[in-house]
Amino acid sequence: MGYVSAVPPPRTDAAPEPEHDPGAGPGHDQAHEPRSEAPDSRRSRRSVAVALLLGTLGATVVLLASGRVWARGTTAFAGDSLRLTADGQTVTGLPAALAIVGLAALVAVFAVRGRSRLLVSGLLALSGLGAALSAVLAADGRSALDAAAARTTADTAAKAAGLTHTAWPYVTAAGAALILIAGLLALRFGRNWPAMGGRYERDGSPRARKAAVVDPDRPEDLWKALDRGEDPTSDQGR
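Residues numbered from 1 in each chain as written. Predicted model: local features only at pLDDT ≥ 70, side-chain atom pairs only at ≥ 80, totals over all residues. Heavy atoms only, no water.

Some words on the side chain of serine 121
No. 1: Inspection of the secondary structure puts serine 121 in helix α4 (residues 114-137).
No. 2: By relative accessible area, serine 121 is classed as buried at 1%.
No. 3: Setting aside residues no more than four positions away along its own chain, serine 121 makes contact with Val109, Gly183, Ala186 and Leu187. (Helix = DSSP H or I, 4+ residues; strand = E, 2+ residues; numbered from the N terminus. Buried < 20%, exposed > 50% of the residue type's maximum accessible area, 1.4 Å probe, protein only. Contact = heavy atoms within 4.5 Å.)

Observations concerning a nonpolar patch on the surface
No. 1: Residues Leu126, Leu129, Leu133 and Leu137 make up a contiguous nonpolar surface patch of about 430 Å² in total accessible area.
No. 2: By relative accessible area, leucine 137 is classed as exposed at 73%. (Patch = residues over 30% accessible without salt bridge, like charges linked within 9 Å, V, L, I, M, F, W, Y side chains within 5 Å. Areas by Shrake-Rupley, 256 points an atom, 1.4 Å probe, with all protein chains shown as cover. Salt bridge = Lys/Arg side-chain N within 4 Å of Asp/Glu carboxyl O.)

Quick look at helix α5 (residues 142-153)
No. 1: Helix length check: α5, at 12 residues, gives a terminal C-alpha distance of 16 Å against a target of 16 Å (1.5 Å per residue), a fit within 8%.
No. 2: Listed as buried for α5 are Ala144, Leu145, Asp146, Ala148, Ala149 and Thr153.
No. 3: Buried residues in α5 make contact with β1 (69-77), β2 (80-87), α2 (88-91) and β3 (161-165). (Expected span 1.5 Å × (residues − 1).)

Quick look at the environment of leucine 84
No. 1: As for its placement among the helices and strands, leucine 84 is situated in strand β2.
No. 2: Counting along the chain gives 61 residues from leucine 84 to leucine 145, while the straight-line C-alpha distance between them is 6.6 Å.
No. 3: Look past the residues within four positions of leucine 84 in its chain and what remains in contact with it is Ala71, Arg72, Gly73, Thr74, Thr75, Leu145, Ala148, Ala149, Thr152 and Ala160.

Examining the sheet that holds β2
No. 1: Reading across the sheet, the three strands line up as β2-β1-β3 and stay open at both edges, with antiparallel pairing between neighbours. Here the strands that pair on one side only, and so sit at the sheet edges, are β2 and β3. Each adjacent strand pair in this sheet contributes to an overall mean axis angle of 15 degrees, direction not counted.
No. 2: Taken together, the eight bridges between β1 and β2 define a ladder with antiparallel strand orientation. Note on β2: the bridge partner recorded for arginine 72 is threonine 85.
No. 3: Taken strand by strand, α5 contacts β1, β2 and β3, and its axis lies near 130 degrees from that of β2. (Pairing = 2+ DSSP bridges. Axes fitted to C-alpha atoms, helices over the stretch in contact; angles between N-to-C directions.)

Some points on the packing of α4 against helix α6 (residues 168-189)
No. 1: At a minimum axis separation of 7 Å, α4 and α6 run at an interaxial angle of 165 degrees. By the angle class used here, α4 and α6 are roughly antiparallel. In this structure, α4 meets α6 at a crossing whose hand is left-handed. Judged by residue contacts, Leu118, Ser121, Gly122, Leu124, Ala125, Ser127, Gly128, Leu129, Ala131, Ala132, Ala135 and Val136 of α4 engage Pro169, Thr172, Ala173, Ala176, Ile179, Leu180, Ala182, Gly183, Leu184, Ala186 and Leu187 from α6.
No. 2: Taken together, the residues of the contact of α4 with α6 break down into 17 nonpolar, six polar and no charged. (Parallel < 35°, antiparallel > 145°, perpendicular 65-115°, else oblique. Left-handed = near helix turned anticlockwise from the far one by under 90°. Nonpolar A, V, L, I, M, F, W, Y, C, P; charged D, E, K, R; others polar.)

Quick word on the nonpolar core
No. 1: In terms of nonpolar packing, the biggest core is built from 37 residues, with Leu84, Val91, Leu124, Leu145, Ile179 and Trp193 touching the most fellow members.
No. 2: Where this core is concerned, the elements lending two or more residues are α1 (38-66), β1, β2, α3 (94-108), α4, α5 and α6.
No. 3: Ranked by residue count, the leading element in this core is α6, at seven residues.
No. 4: Aside from chain neighbours lying at most four places away, what touches isoleucine 179 is Leu54, Gly55, Gly58, Ala59, Val62, Ala99, Gly102, Leu124, Ser127 and Gly128. (Core = buried A, V, L, I, M, F, W, Y, C linked by side-chain atoms within 4.5 Å.)

Examining the confidence of the model for the chain
No. 1: Confidence in the prediction of the chain, expressed as mean pLDDT, is 77, and 66% of residues score 70 or more.
No. 2: Note on residues 27-34: pLDDT is under 50 here. Beyond four places in sequence and across chains, it has two contacts.
No. 3: Counted against residues more than four places away or in other chains, residues 198-204, with its pLDDT under 50, gives nine contacts. (pLDDT = per-residue confidence, 0-100.)

Thoughts on the packing of aromatic side chains
No. 1: Evaluation of the coordinates by the stated rule reveals one aromatic pair.
No. 2: For the pair phenylalanine 110 and tryptophan 193, a centre-to-centre distance of 5.5 Å together with 10 degrees between the ring planes defines the contact as stacked. Taken together, the residues phenylalanine 110 in the loop between α3 and α4 and tryptophan 193 in the loop between α6 and α7 (219-227) connect sequence positions 83 residues apart. The two residues phenylalanine 110 and tryptophan 193 agree in class, both being buried. (Phe/Tyr/Trp six-rings, centres within 6.5 Å; stacked < 30°, edge-to-face > 60°.)

Encoded structure:
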């Protein structure tokens, strides 16, 4: 006579492998999906730092170099030769003015969003381009030296001679080029940069507003709640 065992026979078949989606590529895993956003996030943070550094450094260089001597010359006066000099602000004040505009635009990039950020980024790039071109085109400084000669000799017909030039106009143009690069970075990556203020999270969704605690025994709390449009009696009795 046979017998029945209460112990189940051992399983010899291997456990079924989990099914894979044929359309999913190798290494596709939900746990690994957030990693695909990591390079973009790192690139965005890096571009912010580079743009801030280049824009600030470029504006500083432009402002400092504009105050240096750009051109030198001489003029004849009473049988003698007078030395003349012209700094960047005397030759042209445009690079320094555009550098200040660039600094303002660099700050404003983080205060706006969407299409406004694109416009401000364009203004930042254009201010750098304009400052560079104006510095190079005015590097000669002849008109400024002629004006200095007429002013020094009190003779409107006096002209400057023996003109020599320094490297400061081109240093100014190099600083303006840094502002231009900062603007181009803002145009390329600015849509992913954070904005000023704590109203928004990194994903752009508004933060949940925490309701203020209202003490029913304090009349000033009741009035403040009414000013906020809240019902101070809604929580009583809970």
